[in-house]
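Here is how the chains run, residue by residue.
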Amino acid sequence: MNIEDYMKLPYRIVIQHITDESGSYYFAKVMELDGCMSHGETYTEAFENIREAMEGWIEGKIEGGFPVPLPAEESQYSGKFVLRIPKSLHARLVAEAEKEGVSLNQYALYRLSV
């Protein structure tokens, strides 16, 4: 497999909003790729940066002749579920997603993974 093939696989990316002594930012990591992490000032920037970090991480493993871990097996899960929420919460989440410049699905995923 080449880098492009690996990048198409469903790796689990976790993005968390962090506020600490260095400021406020979004921290991203790939669960299956030990040490593959990045950050950004916004959720979108962190996502773009972790995808770039993944490419470099995978490229390094391939060039070094090391195996690249495959995504965790999650075939028993469809990746979707239905959730009913109050209209006021729905409106607030839409507004927050728009403020971050991401879709409601991406924002909800971020909020659930924190």
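The residue numbering used here restarts from 1 in each chain and proceeds along that chain's sequence as written. Local features in this predicted model are restricted to residues whose pLDDT is 70 or higher, and side-chain atom pairs enter the listing and the counts only when it is 80 or higher, whereas totals over whole chains, interfaces and linings include all residues. Remark: hydrogens and water are excluded; side-chain values derive from all non-hydrogen atoms of the structure.

A.B. asks: Lay out the overall build of the protein in plain terms, naming residues and giving numbers.
C.D. replies: Within the protein one finds four helices and three strands. Ordering the α and β elements of the protein from the N terminus gives α-β-β-β-α-α-α. If you line up the protein on its principal axes, its C-alpha atoms span 55 × 40 × 20 Å. When a residue's accessible area, from a 1.4 Å probe over protein chains only, is under 20% of the maximum for its type it is buried; when over 50% it is exposed; and in between it is partly exposed. Considering the protein as a whole, with its 114 residues, one finds that 24% of them fall into the buried category. What makes two residues a contact is simply this: any of their non-hydrogen atoms within 4.5 Å. Long-range contacts, defined as pairs at least 24 residues apart, comprise 40% of the intrachain contacts of the protein with a sequence gap of at least 6. All accessible areas in this document rest on Shrake-Rupley with a 1.4 Å probe, and a residue is counted as covered only by the protein chains that are shown. About 8,200 Å² of surface is accessible on the protein, with carbon and sulfur atoms providing 53% of the total. Considering the protein, the positive charge centre built from 11 side chains and the negative charge centre built from 18 side chains are found 12 Å apart. Numbering of helices and strands starts at the N terminus; helices are DSSP runs of H or I of at least 4 residues and strands are runs of E of at least 2. In this tally, Lys and Arg are treated as positive and Asp and Glu as negative; His is ignored, and so are the chain termini. For charged residues, the charge sits on one atom: NZ in Lys, CZ in Arg, CG in Asp, CD in Glu.

A.B. asks: Any details on the packing of helix α3 (residues 87–100) against helix α4 (residues 104–113)? Residues and values, ideally.
C.D. replies: Here an axis means a line fitted to C-alpha atoms, over the contact stretch when the element is a helix, while the angle between two N-to-C directions is reported on a 0 to 180 degree scale. The N-to-C vectors of α3 and α4 enclose an angle of 100°; their axes lie 9 Å apart at closest approach. One finds that α3 runs roughly perpendicular with respect to α4. From α3, H90, L93, V94, E96, A97 and E100 reach across to α4, where they touch L104, Y107 and R111. Amino acids outside the nonpolar list (Ala, Val, Leu, Ile, Met, Phe, Trp, Tyr, Cys, Pro) and the charged list (Asp, Glu, Lys, Arg) are all regarded as polar, and Gly is one of them. Per-class residue counts for the contact of α3 with α4 are five nonpolar, one polar and three charged. Relative orientations are named as follows: roughly parallel for angles under 35 degrees, roughly antiparallel for angles over 145 degrees, roughly perpendicular for angles from 65 to 115 degrees, and oblique for any other angle.

A.B. asks: Explain the side chain of E32 to me, using residue names and the numbers behind them.
C.D. replies: Relative to the assigned elements, E32 resides in the loop between β2 (23–30) and β3 (37–40). In terms of polar contacts, E32 uses its side chain to reach the side chain of R12, at 2.9 Å. Apart from the residues lying within four places of it in its own chain, the contact partners of E32 are Y11, R12, P69, L70, P71 and A72. The term polar contact refers here to a pair of N or O atoms within 3.5 Å; inside protein, the definition further demands a hydrogen-donor-capable atom paired with an acceptor-capable atom, and it admits residues adjacent in sequence only when both atoms are side-chain atoms.

A.B. asks: Outline a nonpolar patch on the surface, supporting the account with residue identities and numerical values.
C.D. replies: Within this analysis, patches are made of residues with over 30% relative accessible area and no salt bridge. Like charges are joined at 9 Å or less; nonpolar side chains (Val, Leu, Ile, Met, Phe, Trp, Tyr) at 5 Å or less. A side-chain nitrogen of Lys or Arg and a carboxyl oxygen of Asp or Glu constitute a salt bridge if their distance falls within 4 Å. A grouping of F81, L83, I85 and L112 is seen on the molecular surface, where their side chains present a nonpolar patch of about 460 Å² in accessible area. Take F81: its relative accessible area is 60%, and that puts it in the exposed class.

A.B. asks: How would you summarise the pairing of strand β1 (residues 13–20) if you had to cite specific residues and measurements?
C.D. replies: When DSSP locates at least two bridges between a pair of strands, those strands are taken to pair. Relative to β2, β1 runs antiparallel, the two being bridged by eight bridges. Following the sheet pairing, H17 is matched in β2 by Y26. Linkage of β1 to β2, two consecutive antiparallel strands, is achieved through a turn of two residues.

A.B. asks: Describe the pairing of β2, with residues and values.
C.D. replies: Across four bridges, β2 lies against β3 in antiparallel orientation. Residue pairing for β3: K29 is matched across the bridge by M37. Here β2 folds back onto β3 in antiparallel fashion, the turn holding six residues, of which G35 has a positive phi close to 85°.

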